[in-house]
Amino acid sequence: MWVVLLVLIALLLLLLLQSQVCTCLQELRGAAPPANASQSLPSAIIIGVRKGGTRALLEMLNLHPGVEVAKAEVHFFNLDDHYYRGLDWYRAQMPMALPGQVTVEKTPGYFTAPQVPARAKGMNPALRLLLIVRDPAERLVSDYTQVQHNRLQRHKPYPPLEQLLMHEGQLNTNYKAIQRSLYHLHLRNWLRYFPSAQIHVVDGDALIRDPFPEIHRVERFLRLPPRITPSNFYFNSTKGFYCLLSDGHDKCLDESKGRPHPELSPIVLRTLCKYFKEPNQRFFHMVGRTFTWC
């Protein structure tokens, strides 16, 4: 009797396994791209800024049926090892897209790399560029938090933020996170190669508070029909930021978003904000828009 029971259990398990295999094969066949889909070089790139909200912007754009996004940062234009592999290699990193769809890539390191604008223009002078910015002091703290987390994951020590920021009572302006927050310097380099009409600035702080108005402006800039609506967003009170809704499925950003940040002492924060005041004004003048930063 036990032998018969074991045989029956084995047969049931085999039938279950076959059913799961068939289901997986059906899903794979259903996921096959249409015959007229192909990989194209991007016609729009999110160039930065690092820790400005580039991942959130990409995920929101991915809600649009007329957009296909590269899932990973390609670093084609800022890494020589990638760049010298050529445009065919770059194209191969892009998603399959239908005719008329916009392919979007994002690599935040592009914005501050001096060689990138000329290389990007060489690929496509009509390229449309998205630059998402946020309060430079807050961006700096997020930048530090990410680097600190990465170092600790590899069991490597990392100094406290204020130790990196201050040296003998003076702001350490050579600190890379400060340099990355000088938006006007990096934008000036891009404007040597691309007209301002091809660079759209996204308010990263506004994108966090109320995503829809900012993403609607991006749709217009990319000449896309309006398809993203306020119903595509909901505020997740547990995570403390907006999540996305599409076709009944929700998607929230990964655990690195909303990671606890170190607090700056009031005197260091005032010193930092004072330093950024003039660079911020120059950036506002360049983009014809002001932001409520420290």
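Attention here is on the structure that accompanies the text. (Residues numbered from 1 in each chain as written. Predicted model: local features only at pLDDT ≥ 70, side-chain atom pairs only at ≥ 80, totals over all residues. Heavy atoms only, no water.)

## What about the packing of helix 6 (residues 136–153) against helix 12 (residues 266–287)?
Two numbers describe how helix 6 lies on helix 12: the axes approach to 9 Å, and their chain directions differ by 120°. The orientation of helix 6 relative to helix 12 falls into the category oblique. Mapping the contact onto sequence places Pro136, Ala137 and Leu140 in helix 6 and Leu269, Leu272, Phe276 and Asn280 in helix 12. Counted by class, the contact of helix 6 with helix 12 contains 6 nonpolar, 1 polar and no charged residues. (Axes fitted to C-alpha atoms, helices over the stretch in contact; angles between N-to-C directions. Helix = DSSP H or I, 4+ residues; strand = E, 2+ residues; numbered from the N terminus. Parallel < 35°, antiparallel > 145°, perpendicular 65-115°, else oblique. Contact = heavy atoms within 4.5 Å. Nonpolar A, V, L, I, M, F, W, Y, C, P; charged D, E, K, R; others polar.)

## Some thoughts on the nonpolar core
By size, the foremost hydrophobic cluster in this structure holds 29 residues, and its most contacted members are Phe77, Tyr90, Tyr110, Leu131, Val133, Trp190 and Phe283. Put simply, the parts of the chain that give this core at least two residues each are strand 2 (44–48), helix 5 (116–123), strand 6 (128–133), helix 9 (183–191), strand 9 (199–203) and helix 12. Dropping the residues within four chain positions of it, Val133 is found in contact with Val49, Tyr183, Val201, Val202, Asp203, Gly204, Asp205, Phe283, Phe291 and Trp293. Formed by 26 residues, the second largest nonpolar core is a distinct cluster that contains Ile46, Ala56, Leu207 and Leu222. (Core = buried A, V, L, I, M, F, W, Y, C linked by side-chain atoms within 4.5 Å. Buried < 20%, exposed > 50% of the residue type's maximum accessible area, 1.4 Å probe, protein only.)

## A few points about the side chain of Asp135
By secondary structure assignment, the location of Asp135 is in the loop between strand 6 and helix 6. Look at Asp135: it is buried, it has no salt bridge, and the nearest opposite charge is Arg134 at 7.2 Å. If we ignore the near neighbours within four places in the chain, the residues touching Asp135 are Tyr183, Asp205, Trp293 and Cys294. (Lys, Arg positive; Asp, Glu negative; His and termini not counted. Salt bridge = Lys/Arg side-chain N within 4 Å of Asp/Glu carboxyl O.)

## What about the environment of Cys273?
When you line up the elements, Cys273 lands in helix 12. Judged by relative accessible area, which is 12%, Cys273 ranks as buried. Separated by 20 residues in the primary sequence, Cys273 and Trp293 have C-alpha atoms spaced 8.5 Å apart.

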